[in-house]
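Per-entry structural report
Okay, here's what each chain looks like letter by letter:
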Amino acid sequence: MAEADMVTAPPCVVVGVGASTGVDAEEVLALVGDALREAGLPAASVAELATVDSRAAEPGLVEAARRLGVPLVAYGARDLARVGVPHPSSAPLAAVGTPSVAEAAALLGGGDLLVPKRTSARTDGRPARATCAVVRRPGSRSVTPTPATGADGARGTITGMDTHSPPRPGPAAAPPAGAAHDLRHHGDAEVRDSGAALVDLAVNVRADTPPAWLRARIAASLTGLAAYPDGRAARAAVAARHGLPAERVLLTAGAAEAFVLLARALRARRPVVVHPQFTEPEAALRDAGHAVDRVLLREADGFRLDPAAVPEDADLVVVGNPTNPTSVLHPAAVLAGLARPGRTLVVDEAFMDAVPGERETLAGRTDVPGLVVLRSLTKTWGLAGLRIGYVLAAPETVAALERAQPLWPVSTPALVAAQACVEGPALAEAERAARRVAADRAHLVAGLRRLSPHGVRVVPAAEGPFVLVRLPDAATVRARLRDLGYAVRRGDTFPGLDQEWLRLAVRDRETVDGFLAALERALEPG
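Cut-offs and rules
Starting afresh in each chain, residues are numbered from 1 along the sequence in its written order. Where local features are concerned, this predicted model is filtered to residues with pLDDT of at least 70; where side-chain atom pairs are given and counted, the filter is 80 or more; whole-chain, interface and lining totals use all residues. To obtain the side-chain values, all non-hydrogen atoms of the structure were used and water was disregarded. Elements are defined by DSSP. Helices are runs of H or I of four residues or more, strands are runs of E of two residues or more, and each kind is numbered from the N terminus. For helices, the axis comes from a line fit to the C-alpha atoms of the stretch in contact; other axes are also lines fit to C-alpha atoms, and the angle between any two N-to-C directions lies between 0 and 180 degrees. Any angle from 65 to 115 degrees is called roughly perpendicular, while one under 35 is roughly parallel, one over 145 is roughly antiparallel, and all others are oblique. Helix crossings are classified by the rotation of the near helix relative to the far one: an anticlockwise turn of less than a right angle makes the crossing left-handed, while a clockwise turn makes it right-handed. Residue contacts follow a heavy-atom distance rule, with two residues in contact if any of their heavy atoms lie within 4.5 Å. The nonpolar class holds Ala, Val, Leu, Ile, Met, Phe, Trp, Tyr, Cys and Pro. Asp, Glu, Lys and Arg form the charged class, and all remaining residues, Gly among them, are polar. Should a side-chain nitrogen of Lys or Arg be within 4 Å of a carboxyl oxygen of Asp or Glu, the pair is scored as a salt bridge. The cut-offs for exposure are 20% and 50% of the maximum accessible area for each residue type, with area from a 1.4 Å probe on protein chains only; residues under the lower value are buried, those over the upper are exposed, and the others partly exposed. Two strands are counted as paired when DSSP detects at least two bridges linking them. Patches draw on residues past 30% relative accessible area with no salt bridge. Two like charges within 9 Å are joined, as are two nonpolar side chains (Val, Leu, Ile, Met, Phe, Trp, Tyr) within 5 Å. Each accessible area is a Shrake-Rupley result for a 1.4 Å probe, and residues are judged covered by the shown protein chains and nothing else. Residues scored as positive are Lys and Arg, those scored as negative are Asp and Glu, and His as well as the terminal groups of each chain are ignored. Where a charge lies is defined by one atom per residue type: Lys uses NZ, Arg uses CZ, Asp uses CG and Glu uses CD.

Re unusual backbone geometry
Of note, the amide linkage connecting N321 to P322 takes the cis form, showing an omega dihedral of -10 degrees. Inspection of the secondary structure assignment puts P322 in the loop between β11 (316-320) and α10 (332-336). Between N324 and P325 the backbone carries a cis peptide bond, its omega angle lying at 20 degrees. Tracing the backbone shows P325 in the loop between β11 and α10.

Description of the packing of helix α7 (residues 232-242) against helix α13 (residues 412-421)
What describes two packed helices is the angle between their axes and the distance between those same axes. Following both chains from N to C, one finds α7 and α13 inclined at 25 degrees, their axes separated by 8 Å at the closest point. In terms of orientation, α7 and α13 fall into the roughly parallel class. Crossing of α7 against α13: the hand is left-handed. Note on element contacts: α13 touches α7 through L415, A418 and Q419, opposite A233, A234 and A237. Grouping the amino acids of the contact of α7 with α13 by side-chain chemistry returns five nonpolar, one polar and no charged.

Brief notes about the pattern of salt bridges
Charged atoms that come close allow side chains of opposite charge to pair. Under the definition given, this model contains 28 salt bridges. Note that R217 is salt-bridged to E423, the shortest N-O span being 3.4 Å. You can see R217 sitting in helix α6 (residues 212-220) and its partner E423 sitting in the loop between α13 and α14 (424-449), a full 206 residues away along the chain. Here R217 falls in the partly exposed class, since its relative accessible area comes to 32%. The exposure class of E423 is partly exposed, given its relative accessible area of 31%. The salt bridge involving R470 is made with D498; its shortest N-O contact spans 3.5 Å.

Quick notes on the packing of α14 against helix α16 (residues 509-523)
Two elements in contact, α14 and α16, have axes separated by 10 Å at closest approach and are oriented at 15 degrees. Accordingly, the angle class assigned to the pair α14 and α16 is roughly parallel. Seen from above, α14 lies across α16 with right-handed handedness. Each of A439, D440, H443, L444, G447 and L448 in α14 lies in contact with α16, whose residues at this interface are R509, V512, D513, F515, L516 and L519. Each residue belonging to the contact of α14 with α16 can be placed in one class, and the counts come to seven nonpolar, two polar and three charged.

Overview of the environment of G254
With respect to the helices and strands, G254 occurs in helix α8 (residues 254-265). Put simply, G254 and A350 are 96 residues apart on the chain and 9.4 Å apart in space, counted from C-alpha to C-alpha. Contact partners of G254, with chain neighbours within four places excluded, come to R387, I388 and G389.

Examining the sheet that holds strand β15 (residues 457-458)
An order of β7-β17-β18-β16-β15 is seen for the five strands of this open sheet, with the pairing classed as mixed. The sheet terminates laterally at β7 (199-201) and β15, the two strands that pair on one side only. Where strand β17 (residues 486-490) meets strand β18 (residues 501-505), two bridges bridge the pair, whose relative direction is antiparallel. Among the inter-strand pairings, R490 is bridged to a residue of β18, identified as L502. Across the face of the sheet, helix α15 (residues 474-483) comes into contact with β17 and β18 while running at roughly 155 degrees to β17.

Some remarks on a negative patch on the surface
Negative charge collects at one region of the surface, where D208, D508, E510 and D513 lie side by side. Within the fold, D513 resides in helix α16. We classify D513 as partly exposed; its relative accessible area is 40%.

Comments concerning the pairing of β11
Here β11 lies mainly inside the structure; five of its five residues are buried. With burial as the criterion, each face of β11 is covered, one bearing L316, V318 and G320 and the other bearing V317 and V319. For strand β9 (residues 271-275) and β11, the ladder comprises three bridges, and the chain directions are parallel. If you follow V273 over to β11, its bridge partner there is V318. Of the pairings in the sheet, the one linking β11 to strand β12 (residues 344-348) comprises five bridges and is parallel in character. The residue bridging L316 from the neighbouring strand is T344, located in β12.

Thoughts on the sheet that holds strand β5 (residues 130-136)
Each strand in a sheet pairs with another by means of backbone hydrogen bonds, the pair being arranged parallel or else antiparallel. The strand order across the open sheet formed by five strands is β3-β2-β1-β5-β4, and the pairing between neighbours is mixed. Taken across any chain shown, the strands that pair with only one partner, and hence form the sheet edges, are β3 (72-75) and β4 (112-119). Strand-to-strand twist across the sheet, computed as the mean angle between neighbouring axes with direction ignored, equals 25 degrees. As judged from the seven bridges shared by strand β1 (residues 13-19) and β5, these two strands associate in the antiparallel manner. By the bridge assignment for β5, V14 is matched with V135. Sheet contacts for helix α2 (residues 59-68): β1, β2 (46-52) and β3; angle to β2, the most-contacted strand, approximately 170 degrees. Helix-sheet contacts for helix α5 (residues 101-108) involve β1, β2, β3, β4 and β5, and the interaxial angle to β1 is about 150 degrees.

Shape is all these values report; function is a separate question.
Listed below in structure tokens is the structure:
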């Protein structure tokens, strides 16, 4: 290529902004402009503005981001407080808990500090209301501008995301302060290669599964391994289970494969993932080159979804129900209300069969435009190693996903398992199991609430086979629990959560009682 034909992209920078209530956009933009001139950069270099979540709905910041054409990214005060900043100050420390919102928010975007904290200069003699700092973040790209909503009355914070994937740390290692969420961390990492026998409360697969009758059905299928898999019977059985025609069903190697197919087959202009939730959908979208926006639900609202928090122009929305890790079950009517012409609405129902009566399911609905429901058979039936799940969607969507699949993606044993698990006796067994899980979960939650004097808080109204808890110094408690023989799932790899969160799988009462005794010991000081 001739030198004259080469185009050099401008550097990509993150601008961290600290602001007082009532700051106007002009003051913010003037301050950002001064900082960029100091760095010798044009306004087009800005990839995002970043701030603390308590300022994410500040009109001046929202308007400044809109004029710059970049997203406004919000971070929790605890996340910012863990970032070492070169120029600390007592004022923001007293106000929001971090010694510099500007520098900490910019550094959380990754990269090198180009311009340290600057304070805006006002010509009217009044005190400055804004600070900013600039960080160079190579290798990322800007995304569609998104006005953020936040702590001042809204139920979610919308943040723009870049498309590069973060490095993946070791199986049980926490990321360093300020690192991106590890979207590829899953519960099995808490027990894999542990070197010790741990009681597993980290993985959400039902204990003592698969049952003997299912193992026998799978074993009998091994005599047919010489033939290529034929999924027609299993597909028809799944369709019948939900009252759908077979062309609305696609069998997949677990629900995780479905996320990859969706990311590759759909040409979404603005995908949005509702968090905290299972991280594989966002990871698959990012790996396929999509720039992903997040809607972050808040603990203060019980992690419940306000449909107004989802941008109207989002053409792909992904949400879990019941949601992993919060265990919140969103009303079906609320989720169906997210449907729009031209939008694909993906509802991950991997744990719906663990809800008695499958309340709030959208599976089998054909009246919701753009609806895609994902189901997994690995959780209730203990088939994580076999990999089997399915997609329920409009025939044209199923056809598009099928074209993205390799030949024979689901093995013969997995197809036999799929057919067996949707038959009448299996559905009745799953319902009984769901009711046992509900009773065992109530026992676990009651025990956790007795530990509230130690700072343990449980996300209310859990409906899945797991609960989410917040407690002080959770990383240390998690390590102590391992020493006591129990593995739990760390929560800080889920966007919207930090290192104070743990997810606990529901187990039988005897196991739960042993765990609660160990947790009480782990919470003791010293």
